[in-house]
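Chain by chain, the residues run as shown.
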Amino acid sequence: MKFIKQLIAMAALCLSLNTLASEANTADSQLLALQKSWAATNYQSEGKTQVAEFESLLTMAEQLTDEFPQNASVWVWRGIVESSFAGAKGGLGALSLAKAARRSLEKSISLDDSVLKGSAYTSLGTLYHKVPGWPIGFGDDKKAKLMLSKALEINPEGIDPNYFYGEFLYDDNEYSLAKTYLEKAKQAEPRASRPLADQYRHQEIDALLAKVTKKMSR
């Protein structure tokens, strides 16, 4: 009887693990689709079309977090969609989206701060840097630097943390140091699942490096 109970317990455990693995695979496949759609919308769409597409992407992201509330990766991407949507929308209406993005990214960090190689810290740091400060918004360059530095600690060779830290330094007039991080971003390993995002990120790196070079030559 004891042996039978052990077999039943083992079977229940295997079923539970298989269910978790199946859920993870489902989340990953849906997340990959969201990432690809985001890249196309963020880099290839404009104006009202882009705003409408971001609205649809946000609905997808919200459905993902509803379906997988304990999955840190989906919260990162909900935050990315919300912050990108805020940038596309602009104006005062964008602030509520920026605040929503901050909440989503903080939720991801509370679940797993190293998920997606620290992407939550990268996105949160960029938010703190881009959003206007008090009394309009919550922007704060000290917090931005802290978040971006944490992202680099987790993923020191990554294209995004190096690019966004380089951008932060450029805006802070630290051109020589900015160039160091931008050149490091340029040398980052390509991401097999995100070729379109990498393509356009490299264009952004080159454009900012040109600005850095111009500033340093004065």
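Here is what the cut-offs are and how they apply
- Residues numbered from 1 in each chain as written.
- Predicted model: local features only at pLDDT ≥ 70, side-chain atom pairs only at ≥ 80, totals over all residues.
- Heavy atoms only, no water.
- Helix = DSSP H or I, 4+ residues; strand = E, 2+ residues; numbered from the N terminus.
- Buried < 20%, exposed > 50% of the residue type's maximum accessible area, 1.4 Å probe, protein only.
- Contact = heavy atoms within 4.5 Å.
- Areas by Shrake-Rupley, 256 points an atom, 1.4 Å probe, with all protein chains shown as cover.
- Phe/Tyr/Trp six-rings, centres within 6.5 Å; stacked < 30°, edge-to-face > 60°.

### Some details on the overall build of the chain
On a plain count of helices and strands, the chain comes out with nine helices and zero strands. Each helix and strand of the chain, placed in order from N terminus to C terminus, yields the pattern α-α-α-α-α-α-α-α-α. The buried share of the chain, reckoned over its 218 residues, is 42%. Taking the intrachain contacts of the chain between residues at least 6 apart in sequence as the baseline, contacts between residues at least 24 apart amount to 59%. In the structure as shown, the chain presents an accessible area of about 12200 Å², 55% of it carried by carbon and sulfur atoms.

### Quick notes on the packing of aromatic side chains
According to the stated counting rule, one finds nine aromatic pairs in the structure shown. Measuring from ring centre to ring centre gives 4.9 Å for Tyr43 and Tyr200, while their planes differ by 10°; the resulting arrangement is stacked. Remark: Tyr200 occurs in helix H9 (residues 195–216) and Tyr43 occurs in helix H1 (residues 2–44); sequence separation between them is 157 residues. When sorted by exposure, Tyr43 lands in the same class as Tyr200, which is buried. Relative to Phe138, the ring of Tyr128 has its centre 5.7 Å away and its plane inclined at 90°; by these criteria the two rings are edge-to-face. Highlighted residues: Tyr128 in helix H5 (residues 115–130) and Phe138 in the loop between H5 and helix H6 (141–154), separated in sequence by 10 residues.

### Digging into the side chain of Gln50
Structurally, Gln50 can be placed in helix H2 (residues 47–67). Setting aside residues up to four positions removed in sequence, Gln50 forms contacts with Thr41, Asn42, Ser45 and Ala88.

Remember that the coordinates give geometry; whether it matters functionally is a separate question.
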